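Coordinate analysis (summary)
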Amino acid sequence: MNPVLQIEDLSFAYLDDKNVLNHVSLSIEPGQYATLIGHNGSGKSTLSKLIMGLMSGYDGKIFLFGEEVNRKNLRSLTSKVGIVFQNPDNQFVGSTVADDIAFGLENSCVKREEMEAIIQEVACDVGMEKFLSHEPASLSGGQKQRVAIAGVLAMNPSLVIFDEATAMLDPRGKKEIRALIQKMRTKNPDLAILSITHDIEEAAASDRVFVLEKGSILFAGSPHEVFCHYEELVNARLDIPFAVKMCRALRNQGMHVPENITTVEALEEFLCQ
Ligand SMILES: Nc1ncnc2c1ncn2[C@@H]1O[C@H](COP(=O)(O)OP(=O)(O)OP(=O)(O)O)[C@@H](O)[C@H]1O
Ligand SMILES: [Mg+2]
């Protein structure tokens, strides 16, 4: 199967300014949960907007589902890519939850009868079926994000980008959205996720991690392959997952700890053996 997303040697500058992205290459396979981490201003959101086709004028190539994106196929290719942004209040376009979910479907000229069934299904998927006639103002931040996700799911995407989608939510909202993402992946095992996150523990538990530093990919690989570059990551002012720090401390005490432990769950499993 083709990679869902492949980026080759992508460089981009806003206006005539210096490059915000420098020779970025990366790829994401179907079903993969990839995370993109990096300091504020490292270019993560810029990259996501370029993938979504929201900005043009870049050097390099972006392939979606094996096809290089160009002006002609941009709309059809990006219709299979959904994005959920950080601020729940900036995502609503409809006057009710149902209208909001319908927005993308209306733009793709889906028939009214089919639309109703899709809205019902995705609202159930995100647990918002009882809120279809509610106005956005009456919802919590977490509920608004769930509606945004329903709008994305209605389009039956193959790739969903979360650009710090849980950053503004309280712990309960964060947990709900994380559980929802897992549910989405179970329902559709080929669905690829690109989560842009400052949550290092989320990166530690993902399939593939990309580290962006001043517009360039500093490291890419499995969490183990990335987080073994301990000093370089600390120098880039990035956090280190708790389990990786813990394993390092245990090794310094002379304990033999496997190299590939990056999550607390894996560490607990090892220590309980
Ligand atoms: N519309 C714009 N016009 C000009 N410069 C921009 C624009 N948007 C972002 N930038 C600049 O591009 C650089 C990368 O910004 P970007 O938002 O992509 O970073 P980020 O990694 O998403 O940061 P954060 O973690 O804070 O969300 C920053 O220096 C930012 O100031
Ligand atoms: Mg950003």
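The coordinates are above.
Residues numbered from 1 in each chain as written. Chains lettered and ligands numbered in written order. Predicted model: local features only at pLDDT ≥ 70, side-chain atom pairs only at ≥ 80, totals over all residues. Heavy atoms only, no water.

Quick word on the site of ligand 1
Our working rule: Throughout this document, a residue counts as near a molecule or strand when at least one of its heavy atoms sits within 4 Å of that molecule or strand. Polar contacts, as used here, are pairs of N or O atoms within 3.5 Å; protein pairs need one atom able to donate a hydrogen and one able to accept it. Residues neighboring in sequence count only if both atoms are side-chain atoms. Under the convention used here, a 1.4 Å probe and the Shrake-Rupley method define accessible areas, while residue burial counts only the protein chains that appear. Under the convention adopted here, Pro, Cys and the residues Ala, Val, Leu, Ile, Met, Phe, Trp and Tyr are nonpolar, Asp, Glu, Lys and Arg are charged, and Gly plus all remaining residues are polar.
Neighbouring ligand 1 are the residues Tyr 14, Val 20, His 39, Asn 40, Gly 41, Ser 42, Gly 43, Lys 44, Ser 45, Thr 46, Glu 164 and His 198. The separation between a nitrogen atom of ligand 1 and a polar side-chain atom of Tyr 14 is 3.4 Å. Expressed as a share of its isolated accessible area of 640 Å², the protein-covered part of ligand 1 is 57%. Partitioning the shell around ligand 1 into residue classes produces two nonpolar, eight polar and two charged.

Brief notes about the sheet that holds strand E7 (residues 159-163)
For clarity, the threshold we go by: Any two strands between which DSSP finds at least two bridges are classified as paired. Helix and strand definitions here come from DSSP, where helices need a minimum of 4 consecutive H or I residues and strands a minimum of 2 consecutive E residues; each element is numbered from the N-terminal end. Axis geometry follows a simple rule: fit a line to the C-alpha atoms, using only the stretch in contact for helices, then measure angles between N-to-C directions, giving values from 0 to 180 degrees.
Overall, mixed pairing links the six strands, which are arranged E6-E7-E8-E3-E9-E10 in an open sheet. Across the chains shown, the open sheet's two edge strands, defined by having one partner strand only, are strand E6 (81-84) and strand E10 (216-221). Taken over all neighbouring pairs, the strand axes of this sheet differ in orientation by 15 degrees on average, direction set aside. As judged from the five bridges shared by strand E9 (residues 208-213) and E10, these two strands associate in the antiparallel manner. Among the inter-strand pairings, Val 211 is bridged to a residue of E10, identified as Phe 219.

Side note on a negative patch on the surface
Rules: To count toward a patch, a residue needs a relative accessible area over 30% and no salt bridge; like charges are then connected within 9 Å, while nonpolar side chains (Val, Leu, Ile, Met, Phe, Trp, Tyr) are connected within 5 Å. Definition used for salt bridges: Asp or Glu carboxyl oxygen within 4 Å of a side-chain nitrogen of Lys or Arg. Charge convention: Lys and Arg are scored as positive, Asp and Glu as negative, and His as well as the terminal groups of each chain are ignored. Note that the charge is assigned to NZ on lysines, CZ on arginines, CG on aspartates and CD on glutamates.
Residues Glu 8, Asp 9, Asp 59 and Glu 68 make up a contiguous surface patch of negative charge. Topologically, Asp 59 is positioned in strand E4 (residues 59-64).

Description of the environment of Gly 41
Rules: Using a 1.4 Å probe on the protein chains alone, a residue whose accessible area is under 20% of its type maximum counts as buried, one over 50% counts as exposed, and one in between counts as partly exposed.
Positionally, Gly 41 belongs in the loop between strand E3 (33-38) and helix H1 (44-51). Its relative accessible area of 74% is what places Gly 41 among the exposed residues. Distance from Gly 41 to Lys 214, taken between C-alpha atoms, is 7.4 Å for residues 173 residues apart in sequence.

Considerations on the packing of aromatic side chains
The following threshold applies: Working definition: rings of Phe, Tyr and Trp (its six-membered ring) pair if their centres are within 6.5 Å, and the pair is stacked with planes under 30 degrees apart, edge-to-face with planes over 60 apart, and tilted otherwise. Two conditions define a charge sitting above a ring: the NZ of Lys or the CZ of Arg must be within 6 Å of the ring centre, and it must be within 35 degrees of the ring normal.
Under the defined criterion, the tally for this structure stands at one aromatic pair. Between Phe 12 and Tyr 14, the aromatic rings sit 5.1 Å apart at their centres with planes inclined by 85 degrees, giving edge-to-face as the arrangement. With relative accessibility at 5%, the residue Phe 12 sits in the buried group. Of note, Arg 248 hangs over the ring of Tyr 230, and the distance from its end group to the ring centre comes to 3.7 Å.

Just geometry here; none of it tells us what the structure is for.
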